[in-house]
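Survey of secondary and tertiary structure
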Amino acid sequence: MAIDYNAKQDEPDLRSEQECFPDVDPGIEVLGDRVLVQLRREKVSSKGGILLVDETRQTLRFNETVAKVISIGPLAYKSPDNLEPWVEGPWCQVGDLVRTIKYGGDRFVVQPDDDGAPVVFITVQAREVISKIKSFEAAQKMKAFVD
């Protein structure tokens, strides 16, 4: 699939970081070499204010790859042979914005107290955090997935 860099770019997601990543207790403690990330919450309305139907929201919810690191397991980013830290160090820290794999990991949904959209968490292997996003502003410009 080719990406057309000359095509009109989508408008950035103008929601705040708190709206995209609300404080929600996932109810678990991550173990081993796993990383727990919270996916960016899907939008409930279009930029024009039209409410999105459930099918569209579910597509956005489960195709999202922009996430916030919530916790890192005690064995993440360590050599399995001797448990020494990786030479290059950990790929991410708690609070970092990252991109993760689209498929895989253990996904689960938590309904927050604010009656807003559900919050999706994924427990992934440390190596499945594929890149760190430099800023929230950069994350706002990223689509949930590439068409």
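Preceding this paragraph is the structure being described.
A brief structural summary.

Conventions adopted
- Residues numbered from 1 in each chain as written.
- Predicted model: local features only at pLDDT ≥ 70, side-chain atom pairs only at ≥ 80, totals over all residues.
- Heavy atoms only, no water.
- Helix = DSSP H or I, 4+ residues; strand = E, 2+ residues; numbered from the N terminus.
- Buried < 20%, exposed > 50% of the residue type's maximum accessible area, 1.4 Å probe, protein only.
- Contact = heavy atoms within 4.5 Å.
- Salt bridge = Lys/Arg side-chain N within 4 Å of Asp/Glu carboxyl O.
- Pairing = 2+ DSSP bridges.
- Axes fitted to C-alpha atoms, helices over the stretch in contact; angles between N-to-C directions.
- Phe/Tyr/Trp six-rings, centres within 6.5 Å; stacked < 30°, edge-to-face > 60°.

Here the focus is the overall build of the protein chain. Of regular secondary structure, the protein chain possesses 3 helices and 6 strands. Overall, the protein chain shows an N-to-C arrangement of helices and strands of α-β-α-β-β-β-β-β-α. Residues counted as buried form 37% of the 147 residues belonging to the protein chain. The long-range fraction of contacts in the protein chain, counting pairs at least 24 apart against all pairs at least 6 apart in sequence, stands at 73%.

This part is about the pattern of salt bridges. One pass over the structure, following the stated rule, counts 4 salt bridges. Among the salt bridges present, the one from Glu 17 reaches Lys 68, with a minimum N-O distance of 3.9 Å. With Glu 17 in helix α1 (residues 17-20) and Lys 68 in strand β2 (residues 66-72), this pair connects stretches of sequence that are 51 residues apart. Overall, Glu 17 belongs to the partly exposed group, its relative accessible area being 30%.

Attention now goes to the sheet that holds β2. One open sheet holds the 6 strands; their spatial order is β4-β5-β1-β2-β3-β6, and the pairing between them is antiparallel. A strand with exactly one partner marks an edge of an open sheet, and here the two such strands are β4 (106-110) and β6 (129-132). Direction aside, neighbouring strands of the sheet carry axes that sit 40 degrees apart on average. Relative to β2, strand β1 (residues 34-39) is paired through 5 bridges, and the arrangement is antiparallel. Considered in β2, the bridge of Val 37 is made with Val 69.

Attention now goes to the pairing of β1. Burial runs high along β1: 5 of the 6 residues are buried. Taken together, the 5 bridges between β1 and strand β5 (residues 119-125) define a ladder with antiparallel strand orientation. When the sheet's bridge partners are listed, Val 35 is paired in β5 with Val 124.

Right, let's get into the packing of aromatic side chains. Considering all chains together, one arrives at 4 aromatic pairs under this definition. When the centroid spacing of 5.9 Å and the interplanar angle of 45 degrees are considered together, the rings of Tyr 77 and Trp 91 count as tilted. In this pair, Tyr 77 is assigned in the loop between β2 and β3 (97-100) and Trp 91 in the loop between β2 and β3, connecting sequence segments 14 residues apart. What makes Tyr 77 buried here is its relative accessible area of 4%. Among the residues examined, Trp 91 registers a relative accessible area of 33% and is labelled partly exposed. Where Trp 86 meets Trp 91, the ring centres are 5.1 Å apart and the plane angle is 65 degrees; that geometry is what we call edge-to-face. Clustering of aromatic rings is evident, with ring pairs tying together Tyr 77, Trp 86 and Trp 91.

Geometry only, nothing functional implied.
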